[in-house]
Amino acid sequence: MPGIVIVGVQWGDEGKGKATDLLGARTEWVVKFNGGNNAGHTVVIGDEKYALHLLPSGILSPGVTPVIGNGVVVDLAVLFEEIDALEARGIDTSKLKISSSAHVITHAHRTLDKVQERFLGKRQIGTTGRGIGPAYADKISRVGIRMQDLFDESILRQKVEGALEQKNHLLVKVFNRRDITADEIVDDLLSYAERVRPMVCDTGLLVNGALDRGEVVVFEAGQATMLDIDHGTYPFVTSSSATAGGAATGSGVGPNRLDRIVGIVKAYTTRVGAGPFPTELFDDKGEWLRQAGFEFGTTTGRARRVGWYDAPITRYATRINGVTDLVLTKLDTLTGLEEIPVCVAYDVNGERVEEVPVNQSDFHHAKPILENYPGWSEDITGARSFEDLPQTAQDYVLALEKISGTRISVIGVGPGREQVIVRHDLID
């Protein structure tokens, strides 16, 4: 079973990096297939904590070839900041491969991202301002800059000039900002060209070859299902395909190469940015949960919105992605609660709705229908088997498994690499 996709089931920050790291010892390749440096994941190895934003988390596992696929947008400054930071800590990054078809984020994208968000006022989406959306917009508009363009200055300049023509009209005439010259973009990109050249290749060919040989390839999603451009809470979404289908298009492999779809879900729910969030907490319980789970963005540092576990969302994400296994993370965060509410359905205008409403307005006004489960006070961070958990913690996991409709194969009981309970092997 060589092709394994790891996707977030909620609104991101579920702990996908931890799941990838769990598979690392038996994985030869880890492919990031969407997004950019607008989201981060934290991996804890022993006493060391690593915050990654653009690089695949597999880069921390010796023997793994990390790949940035064609579906990713790359900020070269961030790329080399991360590489340099890891190298300084003794991590070998020499195996990194980057798709020649991956698009590049420029200064113009970052500038537009920030001014456009401010221009929206009360209608702001909650973008990180890192140029991700504008870079994907250029990609779809067919005026984007790709990694391969860095190695032909004439072509690069032509493409940059074409891409800037409309942007400068917007910046100067609409947003009252100065224009951006082609020289500053070209010079900046060329300053990275020789260093990045050895990393750039036909990654789709490499990954398909690995699958042909029966090697284990993990496809790692950025963001999550509810932030997917097609299937998320639009328009409060990211600009890429964060679902399992994006693994094929964002890495250059056929969908029949994807053997197992692993969904990552927290034992509660969080999201960053604007948009509907039926189980969101605004009281002391919410602040307690935020502090207990240290719910602050890896990339931005901003406080995450927090709420109880939402079973309809998990069922929806399972259906959209074809999830075969769930990894339940941060179960230990709930320790100390006498009762743990779980959303099992929604109240929409007085009617009980079992699934995520198809109408965005209905979802925005949906109120959670909660069922309470007994909590536990015992420290579970040392548990290594399901039977090690207190009975009420076991009951909570089994209840989530039943109402979510998918088996829970792995349970996270702490931030460390070893703090997991494996109920079903993710590679068999």
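Residues numbered from 1 in each chain as written. Predicted model: local features only at pLDDT ≥ 70, side-chain atom pairs only at ≥ 80, totals over all residues. Heavy atoms only, no water.

A.B. asks: What should I look at first to understand the environment of alanine 108 in this one?
C.D. replies: By the element assignment, alanine 108 lies in helix α3 (residues 107-120). Counting along the chain gives 23 residues from alanine 108 to glycine 131, while the straight-line C-alpha distance between them is 7.9 Å. Leave out the neighbours within four places in its chain, and alanine 108 touches Leu164, Lys167, Ile180 and Ile185. (Helix = DSSP H or I, 4+ residues; strand = E, 2+ residues; numbered from the N terminus. Contact = heavy atoms within 4.5 Å.)

A.B. asks: It is not clear to me how the pattern of salt bridges should be interpreted in this structure. Could you clarify?
C.D. replies: Opposite charge on two side chains allows them to pair when their charged atoms are near. Following the criterion strictly, the structure yields 24 salt bridges and no others. Two residues, arginine 157 and aspartate 183, come together in a salt bridge whose shortest N-O distance is 2.7 Å. A residue pair is termed long-range when its members are at least 10 positions apart, and arginine 157 in helix α5 (residues 153-174) and aspartate 183 in helix α6 (residues 182-196) qualify at 26 residues. Its salt-bridge partner being glutamate 287, residue arginine 290 comes within 2.5 Å of it at the nearest N-O pair. Here arginine 290 pairs with glutamate 287, and both are found in helix α9 (residues 284-292), just three residues apart, close to one helical turn. The partly exposed category is assigned to glutamate 287, whose relative accessible area is 35%. (Salt bridge = Lys/Arg side-chain N within 4 Å of Asp/Glu carboxyl O. Buried < 20%, exposed > 50% of the residue type's maximum accessible area, 1.4 Å probe, protein only.)

A.B. asks: Any chance you could explain helix α12 (residues 391-404) here in plain terms?
C.D. replies: Spacing of three or four residues puts side chains on the same side of an α-helix, whose turn is 3.6 residues. Taking 1.5 Å of rise per residue, 14 residues should cover 20 Å, and α12 covers 20 Å from first to last C-alpha, within 8% of that figure. Turning to α12, its buried residues are Ala393, Gln394, Tyr396, Val397, Ala399, Leu400, Glu401, Ile403 and Ser404. Where α12 is buried, its residues meet β14 (309-310), α10 (311-321), β15 (325-329), β16 (339-348), β18 (367-374) and β19 (408-412). Positive phi shows up at glycine 405, right after α12, with a value of about 80°. (Expected span 1.5 Å × (residues − 1).)

A.B. asks: Would you explain the packing of aromatic side chains in this entry?
C.D. replies: How two aromatic rings sit relative to each other is set out by the distance from centre to centre and by the angle between their planes. Counting across every chain of the model gives six aromatic pairs. Ring plane angle 75° and centroid distance 6.3 Å describe the contact between tyrosine 373 and tyrosine 396, whose orientation is recorded as edge-to-face. Of this pair, tyrosine 373 sits in strand β18 while tyrosine 396 is found in helix α12, placing the two residues 23 residues apart along the sequence. Using a relative accessible area of 0% as the deciding quantity, one classes tyrosine 396 as buried. Here the aromatic rings of tryptophan 376 and tyrosine 396 are separated by 6.1 Å at their centres, their planes lie at 55°, and the arrangement is tilted. Here tryptophan 376 is found in the loop between β18 and α12, whereas its partner tyrosine 396 is found in helix α12, with 20 residues between them in sequence. Members of the aromatic cluster, joined through ring pairs, are Tyr373, Trp376 and Tyr396. (Phe/Tyr/Trp six-rings, centres within 6.5 Å; stacked < 30°, edge-to-face > 60°.)

A.B. asks: I'm lost on the sheet that holds strand β5 (residues 65-68) in this one. Help?
C.D. replies: Backbone hydrogen bonds hold the strands of a sheet together, and the pairing may be parallel or antiparallel. One open sheet holds the ten strands; their spatial order is β9-β7-β5-β2-β10-β1-β11-β15-β19-β20, and the pairing between them is mixed. Strand pairing shows two members of the sheet lacking a second neighbour, β9 (200-201) and β20 (420-422), which therefore form its edges. Where β5 and strand β7 (residues 97-99) come together, two bridges link them in parallel fashion. Counterpart to isoleucine 68 in the pairing with β7 is isoleucine 98. The sheet contacts of helix α7 (residues 203-212) involve β1 (3-8), β2 (29-32), β5, β7, β9 and β10 (217-220), and relative to β10 the element is tilted by about 135°. (Pairing = 2+ DSSP bridges. Axes fitted to C-alpha atoms, helices over the stretch in contact; angles between N-to-C directions.)

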